[in-house]
Structure formats: structure tokens, C-alpha cells
Amino acid sequence: MIAPLAFVIGLSMAKEAIENWHRFMQDMKVNMRKLRVHSGEGVFSLKPWMNIRVGDVVKVEKDQFFPADLLLLSSSYEDGICYVETMNLDGETNLKVKRSLESTLFLDDDSAFKDFNGTIKCEDPNPNLYTFVGNLEYERQVYPLDPSQILLRDSKLRNTGHVYGVVIFSGHDSKVMQNGTKSPSKRSTIEKQMDKIIYVLFTLLVLISLISSTGFAIKTKTQTPSLWYLQVEAHDDDARLYDPTNASLSGFYHLITALILYGYLIPISLYVSIELVKVLQAVFINQDLNMYDEETGTPAQARTSNLNEELGMVDTILSDKTGTLTCNQMDFLKCSIAGVPYGIRSSEVELAAANQMAMDLEGHVGHFVRSSGQNGQEIELEAVTASKDSSGTLIKGFSFDDNRLMNGNWVQEANPDVMLLFFRVLALCHTAIPEFNEETDSYSYEAESPDEGAFLVAAREFGFEFCRRTQSSIFVRERDPSSQEFVEREFKLLNLLDFTSKRKRMSVIVQDETGQILLLCKGADSIIFDRLSKSGRIFEEATTKHLNDYGEAGLRTLALAYKKLEESEYISWNEEFIKAKTSIGGDREAMLERVSDMMEKDLILVGATAVEDKLQQGVPQCIDKLAQAGLKIWLLTGDKMETAINIGFACSLLRQGMKQICISTNVDMLNQDSKKAVKENIELQITNAYQMIKLEKDPHAAFALIIDGKTLTYALEEDLKHQFLNLAIDCASVICCRVSPKQKAMVTRLVKEGTGKTTLAIGDGANDVGMIQEADIGVGISGVEGMQAVMASDFAIAQFRFLERLLVVHGHWCYKRIAQMICYFFYKNIAFGLTLFYFEAFTGFSGQSVYNDWYMLLFNVVLTSLPVIALGVFEQDVSSEICLQFPALYQQGPKNLFFDWYRIFGWMGNGLYCSLIVFFLNIIIFYDQAFRAGGQTADMTVLGTAMFTCVIYAVNCQIALTMSHFTWIQHFLIGFSIVAWYVFLILYGMMPPELSGNAYRIFVEALAPAPLFWLTTILVTIACNLPYLAHISFQRSFSPMDHHVIQEIKYYKKDVEDRHMWTRERSKARQETKIGFTARVDAKIRQFRQMLQKKSSVLSPRVALAATRT
Amino acid sequence: MNSNPSTPMNAHAPSSSSGGAGSPDSNAPRRNSKRPKYSRFTQQELPACKPILTPKWVISAFMLVTIVFIPIGFTSLFASRDVVEIIDRYDNACVQGSKSQKVQHIQSATSNKTCIRSLTVRKRMKQPIYVYYQLDNFYQNHRRYVKSRSDQQLRNRGDENDTSTCKPEHVANGMSIVPCGLVAWSLFNDTYSFSTSNNIQLTINKRHISWKSDRDEKFGSDVFPKNFQNGRLIGGGSLNESIPLNEQEDLIVWMRTAALPTFRKLYGKIEVDIEAGETINVVVENRYNTYSFSGKKKLVLSTTSWLGGKNNFIGIAYLSVGGLCFLLATTFTIIYLVKPRHLGDPTYLSWNRNPGGH
């Protein structure tokens, strides 16, 4: 009893210890990183990170991580800006600009800190990454601080030589650490449920032990004094266990005996077996070649093995966007200039949708025409992307293909001057920094957003290579269309009107070499169109159409415009602008905005761009399959709302015709109104949206919920969160944008606790760690970005698309395997353990076991454990191809069809039945008469051995009935278990009688020659398994489950004979999905039909009416 | 310990390789080392037979069981019917009176314990006729009792003092008891002698009534009873100290503790046929005390068949299971004929059964 328990506990302790040690080493590594810290008198010396204190002045060099939250004092740039990469915070790879206060700019040298003295007052440590409240007191002046001066820990200094900063929050006070969530120890639903079963069994154990000890106490009191042959009056050590004068004490002692004896009801070996099975399952996951990424050379990795079966029960997937769904790589794909669309290459979405359409339409036609032998339908979506990949994009960020624009051909187009402006907007309107790449002999760009990077690459390819930026000028190498010579042109940068999510546009005011002042503007189409001058609307209609097309194709679009400025006009405006800029106080922002607004009007539209946020390979297909498997997918991203929506379209989480419910807080309102009012407003929005969904009658209507981080702060509060959740559940897809890592975790927790369903979080960056740890299963994308998500995850895969196989194949299998295995384990231990109890009743509850100790020891170790492990490792109800073809089969897991109480108690009942059959048939058969021809009667050993043989047969035959997949391993192990029993009996019988006791030669001499023994074995085995066999036969004939039918189809090779049926069922098996390609195509087809109906209704209204009714 | 979310390792170049077709990677050899090796085992593609329970299989399985079980059932029943068994309870017949009187009588050293019983043979009994004694309500399977023996001592002369497991019957008068323990101490000691109605003595062969392996190996030929029944309490029978244990077959039989509180043990064999109608007189030396715990004592004469003693149950059980299987087979046949479900009929798939699917 103790040994296996100690083994189990020891094993898990060792596992934990190793994991903890690794974590410790990792922490040490971080803690020991060195950094220059001001140590007084203007001298900076190296200190390890862990010794950094609040108030220290530190110097961070290029490409170093910030060791704590810092206030930026100055940088190597004279205007005190620096660039940081915040990938670990929000997953975005673009650079963000931070700007120091003007008053600290002079601190640009080590020695400047000699007499520097200031006081910072700021908020308490909190997890909000995007807010900061505080001020700096320096030389009796107070300067307000805002987030743009704060360098957050775990972001990285880029493109800046060095910065000086002062530590505001260190260690666990830093915002990133505040965002961290405790890494929980996760247990699968099945294991939690198993605990409950263990309680049930434990109660049963205590109950029968109590019965047993009460019986014993009564027997001891009343009966044993008369049983003279027991000599209970004798005063040996054991006698007090049987002392009739103190029967209650004896009863108590007996309780302990009984607890140990019936301990077989609690299968400790189950824990060992499950551990072993899960490790082997994890090996299969790790070894799966279909989840091996050839590109990065990373196989899938099950980092914790105790959640395998949970993979089969997932209900909601919460996914990060950047790096998970997308590669975070923008490709310039199309553009529309002067109302003419350019770019002939199609987006992935278009390609895949077109293909799917073609496929599905064919299928639908097949419905009516009943054409036979459609072989073309088996084309998988993967083929589409494969064909695209083969054409290959050679230039990163540029997939544009149209000869009309390339190589200077654009001059021959209708409006070359508009074209020129278009390219100049691309090349000038940005905040990027060029980096000369020696290898490729061209420039690459560090841009604030990947879109900008793509624009610059595009401009470079079109012959407008942005090559240098100074504080006041931008240099572009333009290729002269006629001579193909490069000319470097200088544009004076007069003003830069920043991009903000509210403005949704950015502009630069430049002066070209001729002295012409230009305003170049790019922004969201709706914003730009509002600001066009009357004469600037020539291309509006055409451009709008193109923009719609691009949006449909899942592309990110921006409109470009310009405006020519008179010098005087500019100067007068600039005065106001400078005034606004230098004004101090809360209304500076508003003023700036107003002034910018004044400038950014009466624009002239040039065109529009379409950039493809490249999805990772196979992502739309994977999402489609997951949606078909009935999984809900939530997108949680730190990105802007527009970006998130675009991606939603790209991966078919959103589609045209879907009703988008945007819940947001008005920024103005946030400033003015009290928190309460904002909250009420949100509540109203949620309630309205909920009403709208409830009133919706169209069964195909799909809703999408889009919510931003700020609103989410309120929506996640205690009193609102359930309303929010209810709304979210009713929506086909949910997109949360601008969410902080903490919010990701909170949303995850809300879904997990609110719905009680299994959640899976998938992400790749450090900002996903909280969510990954919070979800029931955390999946990390390995191979591309940092390792933190992987380190925190339970499973690591190289690509999002492997999630499909991980869930639908491995999850499905593991769930069924573990569920069946546990049920069987309880069955077998009940069947065995209860026989011990029954026998007690016949021994005056004295605690004698009918079986030899060795039998009992071997029962769980050798004789019955191997087949059940084989069941747990190798069982497949259907093959992996079918799992993938019928994602609907996955629903068996989330519905928990194989581990509900009905089934568990069924198995337990089966165990009870078996124990009764085994015990009573045996004791009646071996009752008192001779059991063999020699006239000898059965003694305890014979009865025990015969009974045990029956148990071994019964449980091993049972597992053979349970399995549906027999490889040689299962055959071997089941056979082995039975043979091993006989071999053991023979060997044990050959041991000297001192060791084997009454079992000496029991098999060879007594049992094997006795026909009664063999007859009993057969009888009991059949009788034990009869009800189960009848049950599964009846179940199969009356209410077969999905996998039964599919097994049969496969068994009779009907899928080959009747391909039409097979395809039809496959398409039907798709859940009523509202997201994904399939849903998109279905929606299209519905639309198409409605159009047809409308047409026909003109001809014959009554027919149409009937049609709509059906 | 909190996992540290602040250990960014390689945060460079986030967006390179996962998209387009392979940009050639410099570290190709390292990559390949991580690639799982293909084998049918690791890819879970081992060839497997996937039997499914088609009606044909189910019906034939049940029919097979029926076909096998019914004949076995009948054969067993016939075998059991051929066995002739005479059971005679004599504990009450031999001693009259109240329970305490009975106990007093049986415990008294001087009382006459001889008792005559006569048995009528209704059916011809072919030799060998096995003679059993049957005790009832006797807990030979009580834990205290079962444990109280020493197999070492029984086997080896040298392990005579290996009596620690025999408590409380391990020593008497300061010396080890051979054979020690409660089991041996409570040895059954009623004796029976048989004669026919015409006063011909029926010899009882007491040789080879025990298991051969017990005689040969478990009980030593050089181990002699010693200091047995010399203690404060006298239990059951005593043993002839000049006969080695491996020839004390009554003891050997007794030492095979029975599993249930009602048990029979072999007393001897009568190796002549007894004709039907014959009356057998039995002289019982009724010494063994079952009166204290109201246990019954029975004398059993029985012949055996290939199956052993009289045992109708196994035959009945076989017939029942066989019959049940026949019933099931018939039911399934009827179902199959009346309301057949086409195997692999897709209409039974859950998405086809739920109304409202498209």
C-alpha cells in the first residue's frame, strides 16, 4: 500500500522539483544581468539587476532591456526621444517613440548627474500599461509626467544609442510584473471529476470498513468467546485485537485492518498508470510529424503531460493575434491610384474563398443533379495556399505584382502626376528610420507600425527609396523614370501631425526642392473622405469601390491624400500650431487637435493602399475546421480596433453581413463624466445589444462583438461581467482589442469561470503569459518570438494551424482514452475489491483475505495494468483522418459523453455485478463437495485461486470488449496478462512451501487437473461480460453514436463505394457554424438564393412565398 | 514560486520565416536533429484490426455461447446426478440435552462418547466411496486461526523452534510445540468405523487422502510431533509422536484451512462398492467439541464423478447462462429482422437526427 503511494508522490515531487529548479535558474539569470547605475559623483558603475533600487539613475544602452520602469530623462538624441520595442508587453513588434521632458534634456552626459536632484511623485504600482500619473519636482518647478516618458520594464531600447532614466518601479512593483498572474497548477476536468469518484469510492471504502468493523465487534463480543479454537482469552500480543471484553476497541483496530484490506477499491495504481499513459501520449504528441514545422524545425511539445485529455474537451479558444494568427508581416498587395486599381495578385482570403466557393457550389449542384463520381471535391483548402506559396514572394513586405507600375512604367499611365504624389506620400508620410543593410545593398526600415514598413518597402520598389532622415529633412532617392538614374532629393520636414487612434490619420508637411509646400496625409478612408475638397473628389467613387473590394478581401486599407499649400497660408497656420504646441495645461491636446484639424481639410484624394496582414500558413483553414468542431474562438489582441477587425475579416472570424456590435467608451465622455456614468452607458450598450440578439429571428444571423480594452475594464467589473459574458456567448465571434496582458487573463478567467467550460488560450508573446496561465490549457507558439509564452504554456506548437490536429486528433483521442481508462480502472478495482469484502462476511469479519498476498500485489501491477495502459495509449475510436474529416466528432469531448456520471456509475455497477458473480458463483461451486476426482475438497487457497483466475479473465475480457482498436500490442498485452497469471501460479507453486504456503503446487497438482476449475473460469468469465456485451450491442443497434456509424462506414468501405454519401456527410457534419470560411460561403450562397427568389417572386409571388417558408 | 514573466530571450526578427516558402536557413543540421523520426509506431499508424459488433457477430457470439454452454450444462448435471451422497448429522443425535449439558458432556474426560449411527444406502455406491466429516459454523478461515501455524516448522526438523507465528499455541511448559499453532491444536478428532448390516467391517483407507505435494514436501518426514496437546488447554486430537508428520494425514488434511465456515474434509476412503438398500452402521467416537459454538457435525459418504462431488449448481448455472444467451441471440435476431439498422447508415449520425440541421 505504502510503496506505490510513496512512488506516486515521489514521482510528482521530483517532477515539480526539477521544474522549480529550472525556474530558479532562469530567475537567477535575469537577476544577475548587469547594468550601469549612477553610483555618485557622475560615475556610472555596473550593478546586477537585482540590486537596482527605486530612485537609481541608470543608463541603458542600445538593444538592452529596461530593468525596471524608468522615467526617461534624456537620450542620445538631442531632442530626448528614444525608440522602444514593446513586444513583450503587447506583442507588437513595431517601435514606439518615447520623449523625455524638455526640462531634463540637459542630462545627456554621465557627469551631468553629479548634482542632479529631483523628486518624483507618482501613482502606486498598478498593472495599467497605458496610463501613468505623476509629476517631477525639479528646481522648485513641477512638471507633469505622462506615459510617453515612461520606459516599461521588459521593453527594449532600439535605434537609440543610450538613454538615462530614473527608476520608478522596480521588481514586483513594475507594471509588467503587476500584470503577471500566479502560475497555477492545472488539472484537467477529468482528473477533477476523478477526484469526486475517488471520494465516492472512499466513502464506499469507509462504509464497508465500518460495516466490517461493526460486524467484527459484534461477532467478537457475542460469538468468539464460544469459538474455543481461537483462544481469544489467551494473552498473546494479537489477542487484544480479538478481545471480547473490549469489543469496541477490537472493532476500532479492525477498522484500520479493513481500510487497508479494502484499499484495493481506491486504485492508487491508477495514478501511476495515468501518469505513465499521459507521458506516453505526450510522446506521441511530440513525435507527431504532422505537427512538426519544417520551416523552423520545431516539433510540437507537450510541456505538461497532465492536460492531454483536456485537449479533447475545449469549448472556447482565446487567441492572441500577432504572431499567432498573423506572422506580423505586412505585405503591400494592391493599390488604387487615381481611381485605377493596380495589383493583380489576390489575397489569401480571396484565393481560399474562391476555391471554397467553387468546391461548395459544385457540392450544392451535386445535390440537385445527383451527378455521380465527383472526384474533384476532395481538394482541400490547403492546396490553395500551397499554390500561392510556390509562386513565392521574394521581397519581404511586398507582394505587389503589376507591371503597369513597376520599373518606372507608371509614367505611361493616365495620371502620372497623381502617381508621383501617391508614391511620395508613401515615401514621406511616416515616422520610420532607415537602416542600411549591407547584405542586400538596400535599406530596411524600423517603422512604428508594420504597415508603414510595408509602404516604405513598396515605395522603394516603385523607385522612391527613403534613405535618410534628419531632424528637419527626409531624403529620398528617386529613380528618374526616363533615365533610370537615382537622384537624391531632400524634403524639408516642416511639421508632423501624429497618428493617434482617435485621429486615425497622420500628415506631414514638407517642402520640396522647388520650395512647394505640401501636406501629405494618409488615414482611414472614412476620415479622409470627410476631409476632401470639392475638387479633390474626382476619384472618390472609384476609390470607394476599390476600398470595399479590398476590405472584402481581408486587406488593411488606407486612403492617401494631399494638399498644396501657399507659403503664407502655411506660415500663418504654423504660428498657431507652435502656439498650441508650446501651451501648457490640460487643453494643449485639444488645441493641437483643433489646429491640426484646420490644416487637414480640403484635401485631394490620390488613392488608396491595401496591405495584407499576412496570416500564418493555414490559419483560415484551421479556424474553419475548429469552428466546424463547434469551438468558439475569441480574439484578444493588444492591437488597435481597426487592425483587429481587419484580421477578423482575414481569418473569417468576421464577414460581410455579420452584425457587428461595437461596445466602446467615448473618449470625451471618459474625461468629463464620472466613472459611474461611463459604466451605465456601457451597461446600456450591452443590454441593447443583448436585446437585439434575442429579437433576431433569422437563424443564420451572426453577431460579432467587438470591445476595446478601456471598455473592458468596466465590463469586467463584478456587477457587469456576467451581462457582458452572456452577450459574448451569444455572439458568433468576440474580438477584444487594445487589451492589456492582465485583461487577457481576466477575460480568460471570466470565460472559464462564467461558463464552466474548458478554455484554451493560445499566444506567442510575453503579453500572453497571463492568459496562457489562466486558461485551462495554455498553448504557446514556439519558434518565432521569445520563449516566455512557451515557458508558461502547457503545450507548445510551432504554428497556429497545428492546433487543429492537436485538438481534433490528439485531444479527441486522449480524452476518450483517459475517460475509458479511468472508468475501466474503477470497474476492475471494484470488481476485485468487493470480493474481498464479501468474503469477510464469511470469516466473521476477521479481516482474512481469500487471496494470497502475492495475488493481490500483482493484480494491479502486472496482471491487469498493461492492457489498460495500452487502452490509454493506443486506443483509437476512429483514425486521425476521420477525426479531421469529421470535426463534429470532437463535440463528444466538450459534451463529456464519455465521462459523465451516468457512464461512471454504469461502470461501477458493472464492477459491482462482476464482483457478485465472481464471488458467489465461486463459493457455491466450491462450497463443500469434492472439487476434483481425488475426493479432496477445496480449501481457502483453491477457492482464492479459482476466484482470482475468474477475476483476471473477467477484467481482461472486459477490456477486450472495451477496445475498438487492436494492434499487436493490445493483442499481446491482453494475452500476456492472462498467460502471466498462469506462469506466475506455476512459478509460485514451484517455490519452496515456506514461501508459497498453501499455494504450493496449487495449479499443477490441484487446479489444472480439475475440470471444475476450468468450467468455472469459463462460466464466470462469460457471465461477467454478458451484460456489458448485451448493453453495447443494444446501444449499437438502437442508438449508435457518431463514431459507431463512422466505424461501420469504414468497416464496410462504404466511403469508397459511395463517395457521394461520404462527402455529403462530411459537409453535413460541420456544425452550424457562423464563423470561418464555410460559414462565409454558406452566407454567400444564401444571399445568392435570396436574390434568385426575389427574381422569381416577381414572376410568381406564391411560389416564392412557399420557398421562403421552407 | 511565481514564474517570472520577465525573461525575454530572443526577441529579434519576429516575422521572418513562417510565411512564404522557405528562405534557406543556415542552421539546417540542428533543425533536422529535432525532426521526429518516422515510424508507424510513433505516428500511431500501426496496422490494427478494428472489429465492430455487427449484428451477425453479436448473434453468432451469443449462439456460440449457447451451443457450448447447454451441452456442458447437461453433462455436468448428469455427472452430478450419478454421484451418490449420504449425509448424516450426528452432533445432536449423539448427545442429548441442553447446550451446557452437551458442552459438559463433550468436555468431560470420562463420559462415554461412543455413538452408533446407521445409514441407508438408497443407490448403489461404487468404490471409492469417500468419507467426509462436515463441520458447520466453524471459522477455520478466521484470521487469528489461519495465521496461527508455522510452515517452516512443519517441514524442517531444524526449524522446530520457529514458532513465532503460532501464537498463542506456540509453547507449552517452556518448550516449543510441534506442530504448533491453533490450527494443529484444534485438530478434529472424531473417529468413525463402518460396518455393513451383516457385520462385515468396512475398512477405511486413510492413506493418500491428503494432497500429494503436502505429504511429499510440506510436511517433513523427519518431523515428529512433540510436546503436542501438553499445554494448559487441550484442544482437539492428539498425535502419535512416533509417526512423522508427513504420515499424519488427518493433520495434513486439517491443516488445509477451509475457505468457508461450512466445510467438509476427507476422512478416508471405503474401497468397496456398497449395494443399494444396504444399511451401514457407523460407530462414532464423538469427541470433538462443536457444541460450544452450536456447530453441526455431519458424516458424509460420497462417490465422485469426473467433476468431483455432487454439484448440481454448475450444471444449472451453465444451462441458465446458455439459455440467457439463446434468449439474447433470439432477441437480436428478431430486432435484426423486424427493425434492421443498416450498418453505417448515415441517417443515424447525430447531425442527421437533430431536426433543424441544414
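Residues numbered from 1 in each chain as written. Chains lettered and ligands numbered in written order. Predicted model: local features only at pLDDT ≥ 70, side-chain atom pairs only at ≥ 80, totals over all residues. Heavy atoms only, no water.

K.L.:
Which residues make up the nonpolar core, and what are the values?
P.N.:
The biggest cluster of nonpolar side chains holds 128 residues, and the ones touching the most others in it are Tyr851, Tyr855 and Phe931 of chain A together with Phe62 of chain B. Residue contributions to this core peak at 18 residues, all from helix H24 (residues 802-842) of chain A. In this structure, Tyr851 of chain A is in contact with Phe832, Thr835, Leu836, Met856, Gly944, Met947, Phe948 and Val951 of chain A, ignoring residues within four places of it in sequence. (Core = buried A, V, L, I, M, F, W, Y, C linked by side-chain atoms within 4.5 Å. Buried < 20%, exposed > 50% of the residue type's maximum accessible area, 1.4 Å probe, protein only. Helix = DSSP H or I, 4+ residues; strand = E, 2+ residues; numbered from the N terminus. Contact = heavy atoms within 4.5 Å.)

K.L.:
Let's hear about the pattern of salt bridges: which residues, and what values?
P.N.:
By the definition in use, this model includes 55 salt bridges over all chains. The residue Arg35 of chain B makes a salt bridge to Glu294 of chain A at a minimum N-O spacing of 2.2 Å. With one member in each of two chains, Arg35 of chain B in the loop between helix H1 (28-34) and helix H2 (55-82) and Glu294 of chain A in the loop between helix H6 (268-287) and strand S13 (301-302) form a pair that bridges those chains. Residue classification places Arg35 of chain B among the partly exposed residues on the basis of a relative accessible area of 33%. Residue Asp768 of chain A pairs with Lys744 of chain A through a salt bridge whose shortest N-O separation is 2.6 Å. Here Lys744 of chain A lies in helix H21 (residues 741-755) and Asp768 of chain A lies in the loop between strand S30 (758-763) and helix H22 (769-774), a separation of 24 residues in the sequence. The two residues Asp768 of chain A and Lys744 of chain A agree in class, both being buried. Three or more residues joined by partner-sharing salt bridges are found here, namely Arg187, Glu191, Asp195, Lys278 and Glu309 of chain A. (Salt bridge = Lys/Arg side-chain N within 4 Å of Asp/Glu carboxyl O.)

K.L.:
Before we move on, can you summarise the pairing of strand S19 (residues 464-469) of chain A with the specific residues and values?
P.N.:
Residue and element names in this part refer to chain A. Bridging between S19 and strand S20 (residues 473-479) involves 5 bridges; their strand directions are antiparallel. Within the sheet, the bridge partner assigned to Glu465 lies in S20 and is Arg477. Hairpin remark: S19 followed by S20, antiparallel, with 3 residues in the connecting loop. (Pairing = 2+ DSSP bridges.)

K.L.:
Talk me through the interface of chain B and chain A; I want residue IDs and the actual numbers.
P.N.:
With 129 residues of chain B at the interface, the matching set in chain A holds 154 residues. Roughly 12800 Å² of surface becomes buried between chain B and chain A when both sides are summed, with 59% attributable to carbon and sulfur atoms. When the buried area of chain B at its contact with chain A is split by residue, Gln44, Arg144 and Trp211 of chain B rank highest and sum to 6% of it. In this structure, the connection of chain B to chain A is made through 3 salt bridges. With a closest N to O distance of 3.6 Å, Asp928 of chain A and Arg264 of chain B form a salt bridge. Counting every contact that joins chain B to chain A gives 28 residue pairs in polar contact (both at pLDDT 80 or more). For the side of chain B that touches chain A, the element with the most residues is helix H10 (residues 312-338) of chain B, which contributes 11 residues. Of the residues contributing to the side of chain B that touches chain A, the split by class is 60 nonpolar, 44 polar and 25 charged. (Buried area = accessible area lost by both parts, 1.4 Å probe. Polar contact = N/O pair within 3.5 Å; in protein donor to acceptor, adjacent residues only side chain to side chain. Nonpolar A, V, L, I, M, F, W, Y, C, P; charged D, E, K, R; others polar.)

What is shown is where atoms sit, not what they do.
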